[in-house]
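Coordinate inspection notes
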Amino acid sequence: MLRRLFGSRGSRKNEAKQEIQVQEVTEPEVEQQEVEVQEAETENTVEPVTKTGLFARLKQGLSKTRTGFIDRISQIVTGRAIDEELFEELEEILIQADVGVTTTLELMDTIRERVKTDKITDGSGLQSLLKEEIVALLSKHHQPLALSDERPAGIMVVGVNGAGKTTTIGKLAYRLKQEQAKVLLGAGDTFRAAASDQLKVWAERVGVDVIAHQEGADPGAVAFDTVAAAKARKADVFILDTAGRLQTKTNLMAELGKVYRVAKRELGRDLDEVLLVVDATTGQNALSQARLFSEAAPVTGIVLTKLDGTAKGGIVLALANELKLPVKLVGVGEQMLDLQDFDPVEFTEALFS
């Protein structure tokens with residue numbers, strides 16, 4: 001689902017605007033050299049933005065997870081009476097789907113208790129119960145993407161190389177632009193060759209401005225100039241990219257904190273969002289990434305990308321439960337509208353339907 005972020009700026013124009021087919025940009029490790037920026041292809045079909053259409057996209061994007069996770073659960077519970085052997089099989093599937101040991105055990109404890117309390121005896125009732133508990137777990141710390149009324153609103157995007165940061169920024173800028181917001185991008189990844197070029201391609205594609213320095217420049221200076229330019233140009237929102245870094249590189253993580261402090265000082269308040277982009281296909285490694293990035297900068301939420309590329313989408317449960325961090329956006333495909341707001345109820349419904 002896409003929720004309006006700039007609801008007061010008038011009605012959305014061009015709802016039937018052509019969508020742009022994009023390739024997910026795979027970023028190299030820090031030590032690697034330039035990557036080729038892939039050009040987008042324009043779709044020939046025109047599709048209105050409707051809630052039904054967005055749900056269908058979400059459902060399609062989760063097809064691999066549904067096959068590798070939910071369908072397996074359906075197979076083991078169908079026609080079965082509930083016993084300890086069934087509980088153990090369900091537990092095994094949850095762990096294999098990247099739900100994680102901690103979250104799986106918590107879920108199973110709750111399910112066992114509810115089976116007794118609600119006097120559930122058949123497998124189909126167990127699957128319905130699991131669905132309810134997944135919604136409850138995902139809803140516990142859920143917060144939607146939020147931008148303040150103060151202008152400019154500020155978003156900083158962090159994450160390891162290859163997670164899809166640049167693509168996420170481009171898609172988010174596109175969405176905001178469609179809501180008639182004036183968007184400014186900041187090319188804060190001055191460490192990797194071609195990073196600024198990639199962001200410039202996205203800026204041109206979406207139709208927004210970008211602040212960029214030369215390769216090797218101080219990323220703090222880019223952050224300062226981006227916020228200053230956003231103020232001077234009366235932008236509604238700026239989105240600041242940062243260098244992709246491994247969470248194990250202590251010096252680079254410390255630099256991330258510095259970039260945030262510079263942007264905060266120039267803005268005069270906390271940034272509205274610090275979004276950690278996590279690749280769903282990395283599984284449990286996503287948890288360690290989120291923990292360490294949260295120590296370096298005040299991460300406000302997670303963007304979970306490439307959910308359409310994994311059969312183990314259970315990582316969304318582990319992230320929401322163990323880190324107490326809200327998943328705010330999910331990427332379920334290559335097209336612009338495939339970066340969607342995360343809604344626990346709709347996500348679970350798409351997963352089980």
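Residues numbered from 1 in each chain as written. Predicted model: local features only at pLDDT ≥ 70, side-chain atom pairs only at ≥ 80, totals over all residues. Heavy atoms only, no water.

1. A short note on the pattern of salt bridges
For clarity, the threshold we go by: Salt bridges are defined as contacts in which a side-chain nitrogen from Lys or Arg sits within 4 Å of a carboxyl oxygen from Asp or Glu. Three labels apply to residues, based on accessible area from a 1.4 Å probe with only protein chains included: buried if under 20% of the type maximum, exposed if over 50%, partly exposed otherwise in between. Secondary structure elements follow DSSP: runs of H or I of four or more residues count as helices, runs of E of two or more count as strands, with numbering from the N terminus.
Overall, the coordinates contain 19 salt bridges when judged by the stated rule. A salt bridge links Glu179 to Arg175; the nearest nitrogen and oxygen atoms lie 3.9 Å apart. You can call Glu179 buried: its relative accessible area is 2%. Since its relative accessible area comes to 6%, Arg175 is described here as buried. Between Glu266 and Lys231 there is a salt bridge; the shortest N-O distance is 4.0 Å. With Glu266 in helix α9 (residues 250-267) and Lys231 in helix α8 (residues 219-232), this residue pair connects regions lying 35 residues apart in the sequence. Linked through salt bridges whose partners overlap, the residues forming this network are Arg114, Asp118, Glu132 and Glu133.

2. What about unusual backbone geometry?
Between Arg151 and the following residue, Pro152, the backbone shows a cis peptide bond with an omega angle of 0°. In this fold, Pro152 is placed in the loop between α5 (123-139) and β3 (153-158). The residue Asp98 is not glycine, and still its phi comes out positive at about 70°. Checked against the element boundaries, Asp98 lands in the loop between α3 (84-96) and α4 (101-117). Phi at Lys234 takes a positive value of approximately 55°, unusual for a residue other than glycine. Residue placement: Lys234 occurs in the loop between α8 and β6 (237-240). Look at Lys234 and you get exposed, because its relative accessible area is 69%.

Purely geometric stuff here, so don't read any function into it on its own.
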